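Topology and contacts: notes
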Amino acid sequence: MEILFLGTSSGVPTKTRNVSAVAVQAGQSKSWFLVDCGEATQHQLQYCKLSLKNLRAIAITHVHGDHCYGLPGLLASAGVAGRTESLVIIAPQGIKPWLETTMEMTQMYLPYSLEFIATEELAEQQFDDVKVTITPLSHRVPSFAYSFTQSSSQKVLKSEALKLAGLPQGPLWGRLQSGVDVEFDNQTFLSSDYVESLQHSNKVVICGDNDNPSLLKSMCDGADVLVHESTYTEDMADKASNVGHSYAKQVAQFAEEVTVPHLILTHFSARYQSNQEGEGSVEQMRVEAEQVFNGRLFLARDFDHFRLNQQHKLTLLNEGKSREH
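Small disclaimer: the values here were computed from a predicted structure and weren't measured.

**Some words on empty space enclosed by the protein**
Taking a probe equal in size to a water molecule and rolling it over the atoms shows the remaining empty space. Evaluation of the coordinates by the stated rule reveals two cavities of 30 Å³ or more. Roughly 110 Å³ of volume is contained in the largest cavity. Contributing elements (two or more residues each) for the lining of the largest cavity: β3 (21-25), β13 (195-207) and β14 (225-229). Tallied by class, residues from the lining of the largest cavity come to six nonpolar, six polar and three charged.

Right under this line is the structure:
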């Protein structure tokens, strides 16, 4: 699975960060999912290889504008780009009437249909080999987390058993692995006897705004990656609680408790600068989190691109770059 951050700022954009949007792509497939769609998300996509024609579904975490104001423009651009396939939108109930009113008042025409699914009425949804599950969070408005679990299987030969049985390694092994029974030296080798199917799954949890990370305990069971908002540092804990947000150390403590191996913090308040150290820097959050979290920690930047492989290792493929690059 791959994770691409299209926006990592909270509330308002900054010179280096757009507001919330995260793309999730499963395996080698061209199809992808979008979690949140803050203002100018479609502009961010101009610097990526993702196509709106291959967008499988949009999942909105909550109705606040920095998580959804980019939705009308992105949908319109998908139509201009030639999309005709129906698009699923999983979102809190308020998104549907807001979007429909916007479309009506602006006379927006889409050459494809929208399938709305209310988050409040859904526990999980299957998209081919990707299962999306939903957990309610704690915020000033209904807010939700989405987990993406991709399951796959791999056919593996029992090579030692084949050697003991006397079948020489070569093309016949390949036929067995493909499911075909073979004959050799007056003996029949059944594929079912010498091929086992190994199951693999990757799980990524991506959260909306949330002041109570412990609500994610069940969802984080078996998770490889937790993406969670970290709007403030610990010295702003009271403010964070008052406005329904989390701070870095709080999230990191939770991630350590549930033994999530990879934690990505995002949704940073504009009060924290990206290109400086010390007080007022996003790097303060790294220092706080590392005090209590022993897994691999990342502070997301716009256009950071991660890959999670079948061995459950998360790799940062390229660090986020400014659009000028």
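Resuming the write-up.
**Overview of the side chain of D36**
Structurally, D36 is set in the loop between β4 (32-35) and α1 (41-45). The buried charged residue D36 lacks any salt bridge partner; its closest oppositely charged side chain belongs to R140, at an N-O distance of 13 Å. At 2.7 Å, the side chain of D36 forms a polar contact with the side chain of H67. Once residues within four sequence positions are removed from consideration, D36 is found in contact with S20, A21, V22, A59, I60, T61, H62 and H67.

**Overview of the domain arrangement of the protein chain**
Assigned domains of the protein chain: these are domain 1 (2-155 + 196-316) and domain 2 (156-195). Using C-alpha coordinates to define each centre, domain 1 is positioned 45 Å away from domain 2. The interface is formed by five residues belonging to domain 1 together with six residues belonging to domain 2. Each partner contributes to the roughly 450 Å² buried at the junction of domain 1 and domain 2, and carbon and sulfur atoms together form 55% of this total. Considering only the side of domain 1, the residues that lose the most area to domain 2 are K155, E196 and L198, jointly responsible for 96% of the buried surface there. Across the domain 1-domain 2 interface, the total number found is two residue pairs in polar contact (both at pLDDT 80 or more). Elements represented by at least two residues in the side of domain 1 that touches domain 2 include exactly β10 (144-157) and β13. Residue contributions to the side of domain 1 that touches domain 2 peak at three residues, all from β13. Looking at the side of domain 1 that touches domain 2, its residues break down into one nonpolar, two polar and two charged.

**Details of the packing of aromatic side chains**
Tallied over the entire structure, the rule returns seven aromatic pairs. An angle of 75 degrees between the planes, with centres 5.3 Å apart, marks the rings of F33 and F127 as edge-to-face. Remark: F127 occurs in strand β8 (residues 124-127) and F33 occurs in strand β4; sequence separation between them is 94 residues. Accessibility assignment for this pair places F33 and F127 in one class, buried. Each residue in the set F5, F298 and F306 is aromatic and connected to the rest through ring pairs, giving one cluster. R83 extends its terminal NZ or CZ atom over the ring of Y112, reaching a point 5.6 Å from the ring centre.

About the thresholds
- Residues numbered from 1 in each chain as written.
- Predicted model: local features only at pLDDT ≥ 70, side-chain atom pairs only at ≥ 80, totals over all residues.
- Heavy atoms only, no water.
- 1 Å grid on protein atoms, 1.4 Å probe; cavity = no way out; pocket = protein on both sides within 12 Å on 5 of 7 lines; lining within 4 Å.
- Points joined across faces, edges and corners; volume = space filled by probe spheres on them.
- Helix = DSSP H or I, 4+ residues; strand = E, 2+ residues; numbered from the N terminus.
- Nonpolar A, V, L, I, M, F, W, Y, C, P; charged D, E, K, R; others polar.
- Buried < 20%, exposed > 50% of the residue type's maximum accessible area, 1.4 Å probe, protein only.
- Lys, Arg positive; Asp, Glu negative; His and termini not counted.
- Salt bridge = Lys/Arg side-chain N within 4 Å of Asp/Glu carboxyl O.
- Polar contact = N/O pair within 3.5 Å; in protein donor to acceptor, adjacent residues only side chain to side chain.
- Contact = heavy atoms within 4.5 Å.
- Domains from an automatic or database assignment.
- Buried area = accessible area lost by both parts, 1.4 Å probe.
- Phe/Tyr/Trp six-rings, centres within 6.5 Å; stacked < 30°, edge-to-face > 60°.
- Lys NZ or Arg CZ within 6 Å of the ring centre and 35° of its normal.

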